[in-house]
Amino acid sequence: MGAGPAGLASAAELRRRGIPALVLEQADAVGYSWRRRYDRLRLNSSRPFSRLPGARYARGTGIFPSRDEVVRYLESYTARNRIDVRLGTRLERIDRDGGGWVLRTSTGDVCADQVIVASGYEHTPFLPDWDGRDRFRGRLLHSADYRNPESFRKRDVLVVGPGCSGMEIAYDLTHGGASRVRLSVRTPPNIIVRSPVGPVFARAMLKLPPERADRLMRRIREKEIGDLTEYGLPAPEEGVFSRLKRLSVAPAIVDKEMLQAIRDRRIEIVAGVEALDETAVKLADGARIEPDAVIAATGYRCGLEPLVGHLGVLNERGVPRAVLGEAAAPGLRFIGFVPRPAQLGLMGGEARRAAKAIAREMSGSRATPELVLAARRVLSASG
């Protein structure tokens, strides 16, 4: 969201350079997307690599900060940097306005010379349009709406999608009293064991050609994870870094306890979902199962088309063409749209680069002092 890590870091970095910034946030609190995550959530990257510029986590924070620890961190960061956040303001569209921009919001138009869109790579939950989805009489929800296993006790649950969230939710259900847990897998995931030094290793691998990095990761998988083929999770043909480069799909980062639950068959791997009917789910291998509930950990979309789709700044997947703090158009930037290891730390770096570029552009302006003051308002906007 606008008042998530990317937007808050951008505002703080601009303020350090004497440039006031207003953050627009559609929710009623900062870090809203983090508040809505499931109870068990922890960061996949360790605390030292998940900081925003100039701010440590509170003493006692776990090595992999929890959901609530991240929320408290963002609240503290907002207060400490005296960030101006306008809550309850939904951004609906961004239009050109002469040499600047006008933002159409739920509370009225806002004009700015510089705009940073920080609504998040994982903004809009994606639920596949499975044939028969509307007829299914069991419980069907996206992983974005999952909180904890309490309401799934003694239930047969199918989790769809073997990414980080899907695997963690499946594991959470096994400990929360679900009678049966199955994980639907269409494409075998690249799997990495969560490690405190993982981000250091990942960043080093990103500097290598993808094919070479993939070979190294296959060797590590063989040593740390072993062969899971008999459990339904063979190693994928496409490696970690090739898939990341081609599709921006990150690997599943999990704990060893999760993998043991698969080996113990407490989590059963089944084929991908093809269709649903009133009582059952039809799988790609022809099997028909009858779960009480289906949790779709099927990912998110950026959801930027209504905001900027008419500006020609998105690629065919709806992702900004210019990322990492670069200008997508004069005065328009996108922060937080690159899925990488230790993404919070990466967002901080993006924010710093964007703030430096904006400061250079403003210092080079020949406008009168009055106009410069009027122009020194940067919007960090939420979708």
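Cut-offs and rules
- Residues numbered from 1 in each chain as written.
- Predicted model: local features only at pLDDT ≥ 70, side-chain atom pairs only at ≥ 80, totals over all residues.
- Heavy atoms only, no water.
- Helix = DSSP H or I, 4+ residues; strand = E, 2+ residues; numbered from the N terminus.
- Rg over C-alpha atoms; globule rule 2.2 N^0.38 Å.
- Buried < 20%, exposed > 50% of the residue type's maximum accessible area, 1.4 Å probe, protein only.
- Contact = heavy atoms within 4.5 Å.
- Areas by Shrake-Rupley, 256 points an atom, 1.4 Å probe, with all protein chains shown as cover.
- Lys, Arg positive; Asp, Glu negative; His and termini not counted.
- Charge placed at Lys NZ, Arg CZ, Asp CG, Glu CD.
- Phe/Tyr/Trp six-rings, centres within 6.5 Å; stacked < 30°, edge-to-face > 60°.
- Lys NZ or Arg CZ within 6 Å of the ring centre and 35° of its normal.
- Polar contact = N/O pair within 3.5 Å; in protein donor to acceptor, adjacent residues only side chain to side chain.
- Pairing = 2+ DSSP bridges.
- Axes fitted to C-alpha atoms, helices over the stretch in contact; angles between N-to-C directions.
- Core = buried A, V, L, I, M, F, W, Y, C linked by side-chain atoms within 4.5 Å.
- Parallel < 35°, antiparallel > 145°, perpendicular 65-115°, else oblique.
- Nonpolar A, V, L, I, M, F, W, Y, C, P; charged D, E, K, R; others polar.

A.B. asks: What exactly am I supposed to notice about the overall build of the protein here?
C.D. replies: Of regular secondary structure, the protein possesses eleven helices and 21 strands. Computed over the C-alpha atoms, the radius of gyration of the protein is 22 Å, within 12% of the 21 Å expected from 2.2 N^0.38 for a compact globule of 383 residues. Counting only C-alpha atoms, the protein reaches 70 × 45 × 40 Å along its principal axes. In the protein, which comprises 383 residues, the proportion classed as buried is 52%. Sequence separation of 24 or more characterises 69% of the internal contacts of the protein that already satisfy a separation of 6 or more. Entry remark: accessible area of the protein is about 17900 Å², with carbon and sulfur atoms responsible for 48%. Taken together, the 62 basic and 46 acidic charged side chains of the protein have centroids lying 6 Å from each other.

A.B. asks: I tried to follow the packing of aromatic side chains on my own but got confused; where do I start?
C.D. replies: For any pair of aromatic rings, geometry is given as the distance between the ring centres together with the angle between the planes. For the structure on display, the rule yields five aromatic pairs. Look at Phe 334 and Phe 337: their rings are 5.9 Å apart centre to centre, the planes differ by 80°, and that puts the pair in the edge-to-face class. By relative accessible area, Phe 334 is classed as buried at 0%. Members of the aromatic cluster, each reached through a chain of ring pairs, are Tyr 38, Tyr 146 and Phe 152. Residue placement shows Arg 194 over the ring face of Phe 64; its charged tip is 5.5 Å from the ring centre. Against the face of Phe 126 rests Arg 301, its NZ or CZ located 3.8 Å from the ring centre.

A.B. asks: Explain the side chain of His 142 to me, please; I cannot follow it from the model alone.
C.D. replies: With respect to the helices, strands and loops of the structure, His 142 is situated in strand 8 (residues 139-142). Residue His 142 is classed as buried on the basis of its relative accessible area, which comes to 5%. Of note is the side chain of His 142, whose polar atom sits 3.3 Å from the backbone oxygen of Phe 126. A distance of 2.9 Å separates a polar side-chain atom of His 142 from the backbone nitrogen of Ala 144.

A.B. asks: What am I meant to see in the sheet that holds strand 3 (residues 91-97) here?
C.D. replies: Sheet strands pair via backbone hydrogen bonds, and the direction of the pair is either parallel or antiparallel. The three strands are arranged 3-4-5 in an open sheet whose pairing can be described as antiparallel. In the strand order of this sheet, the two ends are held by strand 3 and strand 5 (108-112), each with one partner. The mean inter-strand angle of the sheet, taken between neighbouring strand axes irrespective of direction, is 25°. As paired strands, strand 4 (residues 100-105) and strand 5 are joined by five bridges and run antiparallel to one another. When the sheet's bridge partners are listed, Arg 104 is paired in strand 5 with Asp 109.

A.B. asks: Could you clarify how one ought to interpret the nonpolar core in this entry?
C.D. replies: The tendency in soluble globular proteins is for nonpolar side chains to be buried as a group. Residues Leu 173 and Ile 267 are the most contacted members of the largest nonpolar core, which totals 65 residues. Here this core gets seven residues from one element, more than from any other, and that element is helix 10 (residues 343-363). Discounting residues that sit within four places of it in the chain, Ile 267 has contacts with Ala 170, Tyr 171, Thr 174, Val 181, Leu 183, Met 258, Ala 261 and Ile 262. Ranked by size, the runner-up nonpolar core spans 23 residues in total, among them Leu 103, Val 117, Val 308 and Phe 337.

A.B. asks: Where do I start with the packing of helix 6 (residues 210-224) against helix 7 (residues 240-247) in this structure?
C.D. replies: Packed helix pairs are specified by the crossing angle of their axes together with the interaxial distance, meaning the distance between the axes. Across the interface, helix 6 lies against helix 7 with an axial gap of 6 Å and an inter-helix angle of 140°. Judged by the inter-axis angle, helix 6 sits oblique to helix 7. Facing Pro 210, Glu 211, Ala 213, Asp 214 and Met 217 of helix 6, the residues of helix 7 in contact are Val 240, Phe 241, Ser 242 and Lys 245. Class assignment of the residues belonging to the contact of helix 6 with helix 7 gives a composition of five nonpolar, one polar and three charged.

A.B. asks: Teacher, can you tell me more about the environment of Gly 309 here?
C.D. replies: Counting through the fold element by element, Gly 309 comes out in the loop between helix 9 (305-308) and strand 19 (327-329). Spatially, the C-alpha atoms of Gly 309 and Pro 320 are 9.7 Å apart, while their sequence positions differ by eleven residues. Look past the residues within four positions of Gly 309 in its chain and what remains in contact with it is Leu 304 and Leu 314.

A.B. asks: Any chance you could explain the sheet that holds strand 15 (residues 281-283) here in plain terms?
C.D. replies: Spatially, three strands are ordered 14-15-16 in an open sheet, and the strand pairing comes out antiparallel. One side of each edge strand has no neighbouring strand; the edge strands of this open sheet are strand 14 (273-276) and strand 16 (288-289).

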